[in-house]
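# An overview of the molecular structure
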Amino acid sequence: MGNSYGLKGKGVDLSEGPPKRKRDVVQIPAIPATIETPLVPAENAPSSSGWHGNVNYLVHDLNPTCNSNNPNLTIIFFHGIVFGTNDEWKETWTTRPTNNREECICWPEKWLPEDLNNNVRILSLSYDSNIVASVHNDVIEIGKNLIQSFVTNSSYRPLWDGPVALVAYSFGGLVLKSLVVEAHKHVHQRPINDLDNEIHKCCKTFLNNVKGVIFYGVPHASGTHDLSNYFIWQHQQINTLSKYATQSSFLKNSKNFNSQMKYLSMNFKNVLHEDLNIYAFGEGLPLDKKWGILVPYASAIQLSNYNNYKIEDANHLTICKPPNKDHPSYYLLLKCLKICMEKNILLPPLPCHEVALIDKVKDINILLQKESIVGLVGMGGIGKTILSKKFYHLFHDQYDKSSFLEDVNSKDNINDVIKQLLHDLCRKSLCKDENVNKGDLDKIKQCMISEKVLVVVDDVGNVENLTSLQFLITAAKNATSKSKILVNCRNWQNLKSHVSEDGKVVMKSLEEEQARELFMFHAFGNANHVPTKDFNDICMKIIKTCGGLPLSLKVLGTFLCNTKELEIWEAALRKLKTGQSFTEGNDNEDLWSTLRISYDHLDKEHQNMFLDIACFLGGLKISTICRVWSGDYLYPKFSLQNLQHRSLIEWVEGGILYINEQLQDMGQNIAMELPIMNRFIWKSNNPNFFLQMDEVMENLEGISLKKCVNLPTLSQIGSKGFCNLRLLDLTEASPTIVENCIQGRNLNNVKWLCLRKCMIQELPNN
């Protein structure tokens, strides 16, 4: 291949240096909690030493500068065989010098913190690997003791809540397999006491968060007598064979070694899911002429179906000793570790300050012990989503599997929601253009019935969405199911046919002290802040007028934050009282009048930008929005930050602009109230809108005709009718609507045109 290292692997070319990833990052789901093929019974596991005592193995911290219990990644190294030294763990992971002057370094300790931004825990285990002289080297026993001394150790247990990568060399790969197999046994054995239950939960969390496994020169195939030959070869090199060859421990270990490896290989395959990211490196050079290649390439790659690499310039002793960072044995490992970090499944984010959630969450948990499905009901902004997220944070680990379906009502297609369920519960991922079939639904139902599952459905929205999820509800209500569903919705009428009256939870407004705490936090940055008398009086009036709505308190508090002029606070209160009535009228209208204060205090440009977002641009990338606004607003990104600071919009992961649904409703409501000559036609099926004079239509900047089918008067608009149009949303509009809006019109100023799900074959030439 013309490269300096002679790497052979699928899709790898080193002729121009380290390869760039040419494919999408492979999703790495958690290890499943169940397997189809049963494990070999523990009593049938081969043992060479018969030794069952507990041993506390040393754990070496290779990145002590990171002492976080919530790192981006935890990496655990398993060393190979070294004879008669105390630093075998370190000798395994040293670099390969390219000349006599070069000093060897422990590369996981020196390189990985630099290349992974330091927020990683790097641990190297130290266990007895003197396979010849020791009686404490039984691989299966090492795995059992690692469960007790390492996995369940309180010093390391918090690390298992985040992503974990396991890296092993040679004999260490067998130790890794033993640890995983033994942990899996604990997960599926019924706990008989509190201690067993704690070990069960710890092992389950550990296995579920192992995102990647990397093997260097590890034999996986049966009949690997070559590794046994390696023991003899190594002893011949150091002239100790005659000393140990007659010892009974050596003879016994050699005799049963292959049976242990067969046992571990078979059970390790059963534990792993096919989508787990596994990298396998095989050696390309022989040890010498007599011994040849110690672990054949076919044996080294047997567990990995995709990421298999032969390191042509390395033998068994040097395969995990990269000479520099550009060597494939290092940068491919680094690639795998970065994937593990990127694919860390995060819990839904919680607000920076929580008020009165714990007691409510506990009440929901008690209710779910009696009911299979519980429904949270309340107006928008009352805190249904926050409470659902808090419950999921606190109780998801008490279930075998769980899924949080966020903001279901905003999804374009309920099929996408079911795809997420399929992935979260069944570890099956579908492509974007694939549809869920009956077999997929049956898998989800079977999982809900056979395992203890928690599903949280956030803002289910309409009856149609609930009907599409009926299979999920039916499975949860099955007499043998222990699964639970928590669903929230604004309208109880949508839930009442699926949730019993006993399972109904009506969300109430915050009490005065709770509302004060939340408002003070957002207005002053301190929940316990005590303002001066003048400010305290007006604070209490604002809190009372907000009626205990968390979203209103947050928005208003953020708006008034760092504002020291009492006059502004008083003006805000006056506007609040003018449009506020919590005792009667439509709840949504009450909330809009509360939230609208922040909108009214924006200048004209920021108001226009907010309406653009609420009516058209919400959910797009920040970069896309800035391009749409180029030429219209001078500093669009700076203006977006101003809107963000007022809690009118949010930026989420991936640079996406997010607008709260209630705020979006408020913006759309404002747009519908504006006279037509101002700016927008928003979601209007009223033909009279299109009977205005051409000069009025020329003023239009935005038109939304979502799901419009037939507007006869639209065709009567003159050719200049849309000449100043900037934003045009024709989502799910009929072909006639699309043709009347586009054909023969001057759309040179249009910067954003949405034709999602339009039934058209091609666009008009103009």
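Since this is a predicted model, take the numbers as computed values, not measurements. Residue numbering note: each chain is counted from 1, following its sequence as written. For a predicted model such as this one, the threshold for reporting local features is a pLDDT of at least 70, and the threshold for listing and counting side-chain atom pairs is 80 or more; totals across whole chains, interfaces and linings nevertheless cover every residue. To get the side-chain values, all heavy atoms of the structure are used, and hydrogens and water are removed first.

### Re the overall build of the chain
- Helix and strand labels come from DSSP, where a helix needs a run of H or I of at least four residues and a strand needs a run of E of at least two; each type is numbered from the N terminus. What the chain contains, in helices and strands, is 29 helices and 19 strands.
- Burial classes: relative accessible area under 20% of the type maximum marks a residue as buried, over 50% as exposed, and values in between as partly exposed (1.4 Å probe, protein chains only). Counting every position in the chain, which comprises 766 residues, the buried fraction comes to 53%.
- The protein chains shown are the only cover counted for residues, whose accessible areas, like all others here, come from Shrake-Rupley with a 1.4 Å probe. Counting every atom, the chain has about 35,000 Å² of accessible surface; 48% of that belongs to carbon and sulfur.

### A short note on the packing of helix α20 (residues 533–546) against helix α21 (residues 550–560)
- Here, axes are lines fitted to C-alpha atoms. For helices the fit covers the stretch in contact, and angles between N-to-C directions go from 0 to 180 degrees. For the pair α20 and α21, interaxial distance at closest approach is 10 Å and the crossing angle is 150°. Crossing of α20 against α21: the hand is right-handed. Where α20 abuts α21, its residues Ile-542, Ile-543 and Cys-546 lie against Ser-552, Leu-553, Leu-556 and Leu-560.
- For this scheme, ten residues count as nonpolar: Ala, Val, Leu, Ile, Met, Phe, Trp, Tyr, Cys and Pro. Four count as charged, namely Asp, Glu, Lys and Arg, and the remainder, Gly too, count as polar. Counted by class, the contact of α20 with α21 contains 6 nonpolar, 1 polar and no charged residues. Crossings are assigned a handedness: left-handed for a near helix turned anticlockwise from the far helix by less than a right angle, right-handed for a clockwise turn. The criterion used for residue contact is that any of the two residues' heavy atoms lie within 4.5 Å.

### A look at a negative patch on the surface
- Each patch is built from residues lacking any salt bridge and having more than 30% relative accessible area; the joining distance is 9 Å for like charges and 5 Å for nonpolar side chains (Val, Leu, Ile, Met, Phe, Trp, Tyr). Any Lys or Arg side-chain nitrogen located within 4 Å of an Asp or Glu carboxyl oxygen qualifies as a salt bridge. His residues and chain termini do not enter the charge count, which takes Lys and Arg as positive and Asp and Glu as negative. Where a charge lies is defined by one atom per residue type, namely NZ (Lys), CZ (Arg), CG (Asp) and CD (Glu). Taken together, the side chains of Asp-534, Glu-565, Glu-567 and Glu-570 define an acidic patch exposed on the protein surface.
- Summarising the element assignment, Glu-567 is placed in helix α22 (residues 566–578).
- A relative accessible area of 55% places Glu-567 in the exposed class.

### Focus on the nonpolar core
- Counting 46 residues, the largest nonpolar core has Phe-78, Trp-160 and Phe-206 as its most contacted members.
- Where this core is concerned, the elements lending two or more residues are β3 (73–78), β4 (120–126), α4 (139–151), β5 (164–169), α5 (171–188), α6 (194–208), β6 (210–216) and α9 (248–271).
- Ranked by the residues each element gives to this core, the list is headed by α5, at 9 residues.
- Apart from the residues lying within four places of it in its own chain, the contact partners of Phe-78 are Trp-93, Leu-125, Tyr-127, Leu-146, Leu-166, Val-167, Ala-168, Tyr-169, Gly-172, Val-175, Leu-176 and Leu-179.
- Core analysis: the next-biggest nonpolar cluster, separate from the first, contains 35 residues, Trp-89, Cys-106, Ile-214 and Tyr-309 among them. Residues belong to a common nonpolar core when they are buried Ala, Val, Leu, Ile, Met, Phe, Trp, Tyr or Cys residues joined through side-chain atoms within 4.5 Å.

### What about the sheet that holds strand β13 (residues 504–506)?
- One open sheet holds the 5 strands; their spatial order is β10-β11-β12-β9-β13, and the pairing between them is parallel. Each having just a single partner strand, β10 (401–405) and β13 make up the two edges of the open sheet. Between one strand and the next, the sheet's axes are offset by a mean angle of 10°, whatever the strand orientation.
- The criterion for strand pairing is that DSSP finds at least two bridges linking the strands in question. The sheet contact formed by strand β11 (residues 453–457) and strand β12 (residues 484–489) spans 4 bridges and is parallel. Counted as the bridge partner of Val-457 is Val-487 from β12.
- Those strands touched by helix α13 (residues 384–395) are β9 (373–377), β10, β11 and β12, and its axis lies near 160° from that of β12.

### Some points on the packing of aromatic side chains
- Classification of ring pairs rests on two measures: the distance between centres of Phe, Tyr or Trp rings, Trp counted by its six-membered ring, which must be within 6.5 Å, and the angle between planes, read as stacked under 30 degrees, edge-to-face over 60 and tilted in between. On inspection of all chains with the given rule, the structure shows 20 aromatic pairs.
- With 5.1 Å between their ring centres and 50° between their planes, Phe-150 and Tyr-156 make a pair best called tilted.
- Phe-150 sits in the buried class, given a relative accessible area of 1%.
- Given a relative accessible area of 15%, Tyr-156 falls into the buried group.
- Among the aromatic residues, those joined into a cluster by ring pairs are Phe-77, Trp-93, Trp-107, Trp-111, Tyr-216, Tyr-279, Phe-281, Tyr-309 and Tyr-330.
- Either the NZ atom of lysine or the CZ atom of arginine qualifies as a charge over a ring when it sits within 6 Å of the ring centre and within 35 degrees of the ring normal. A cation sits over an aromatic face here: Lys-310 above Tyr-297, 4.8 Å from the ring centre.
- The side chain of Lys-452 reaches across the aromatic face of Tyr-399, ending 5.1 Å from its centre.

### Focus on helix α15 (residues 438–450)
- Multiply 1.5 Å by the residue count of a helix minus one, and that product is the helix's expected span. In a regular helix each residue adds 1.5 Å, so 13 residues correspond to 18 Å; α15 covers 18 Å between its end C-alpha atoms and thus fits that length.
- Residues Asp-440, Ile-444, Cys-447 and Met-448 constitute the buried set of α15. One side of α15 holds all its buried residues, which, seen down the axis, span an arc of 100°. When the buried face of α15 is taken as reference, the exposed residues oriented beyond 90 degrees from it are Lys-438 and Ser-450. This arc describes the spread of directions from the helix axis toward the C-beta atoms.

### Some thoughts on the pattern of salt bridges
- Scanning the entire structure with this criterion turns up 14 salt bridges.
- The partner of Glu-141 in a salt bridge is Lys-144, and the shortest N-O contact between them spans 3.7 Å. Taken together, the positions of Glu-141 and Lys-144, both in helix α4 and 3 residues apart, correspond to about one turn of that helix.
- With a closest N to O distance of 3.1 Å, Lys-438 and Asp-442 form a salt bridge.

### Some words on the packing of helix α19 (residues 512–524) against α21
- The N-to-C vectors of α19 and α21 enclose an angle of 30°; their axes lie 7 Å apart at closest approach. Relative to α21, the element α19 is oriented roughly parallel. Relative to α21, α19 is oriented so that their crossing is right-handed. Here Ala-515, Leu-518, Phe-519, His-522 and Ala-523 of α19 come into contact with α21, specifically with Pro-550, Leu-553, Lys-554, Leu-556, Gly-557, Thr-558 and Leu-560.
- The class makeup of the residues in the contact of α19 with α21 is 8 nonpolar, 3 polar and 1 charged. Note on terminology: angles under 35 degrees are roughly parallel, angles over 145 are roughly antiparallel, angles of 65 to 115 are roughly perpendicular, and the others are oblique.

### Here we look at helix α12 (residues 358–370)
- In this model α12 runs 19 Å from its N-terminal to its C-terminal C-alpha over 13 residues, within 8% of the 18 Å that 1.5 Å per residue would give.
- Listed in full, the buried residues belonging to α12 are Val-361, Ile-364, Asn-365, Leu-367 and Leu-368. Along the long axis of α12, the arc covered by the buried residues comes to 165°, so they all point the same way. Counted as exposed and oriented over 90 degrees from the buried face of α12: Asp-359, Asp-363, Gln-369 and Lys-370.
- Residues of α12 that are buried sit in contact with β9, α13, β12 and β13.

### Describing the environment of Leu-643
- Inspection of the secondary structure puts Leu-643 in helix α26 (residues 636–645).
- Note: C-alpha distance between Leu-643 and Ser-598 (45 residues apart in sequence) is 9.5 Å.
- If we skip the residues at most four places from it in the chain, Leu-643 touches Leu-602, His-606, Met-609, Phe-610, Ile-613, Leu-648 and Ile-649.

### Considering a nonpolar patch on the surface
- On the surface, Leu-634, Tyr-635 and Phe-638 cluster together to form a nonpolar patch covering roughly 400 Å² of accessible area.
- Topologically, Phe-638 is positioned in helix α26.

### A look at the side chain of Glu-371
- Looking at the secondary structure, you find Glu-371 in the loop between α12 and β9.
- For the buried Glu-371, no salt bridge is present, and the opposite-charge side chain at shortest range is Lys-477, 7.8 Å distant.
- Excluding its chain neighbours within four sequence positions, the residues that come into contact with Glu-371 are Lys-484, Ser-500, Asp-502 and Gly-503.

### Here's the deal with the environment of Thr-95
- Looking at the element boundaries, Thr-95 is found in the loop between α1 (88–92) and α2 (107–110).
- Residues Thr-95 and Pro-108, spaced 13 residues apart in sequence, show a C-alpha to C-alpha distance of 9.5 Å.
- With residues near it in sequence (within four places) discarded, Thr-95 still touches Glu-103, Cys-104, Ile-105, Trp-107, Trp-111, Lys-321 and Pro-322.

Limitation: the analysis is restricted to geometry and does not speak to function.
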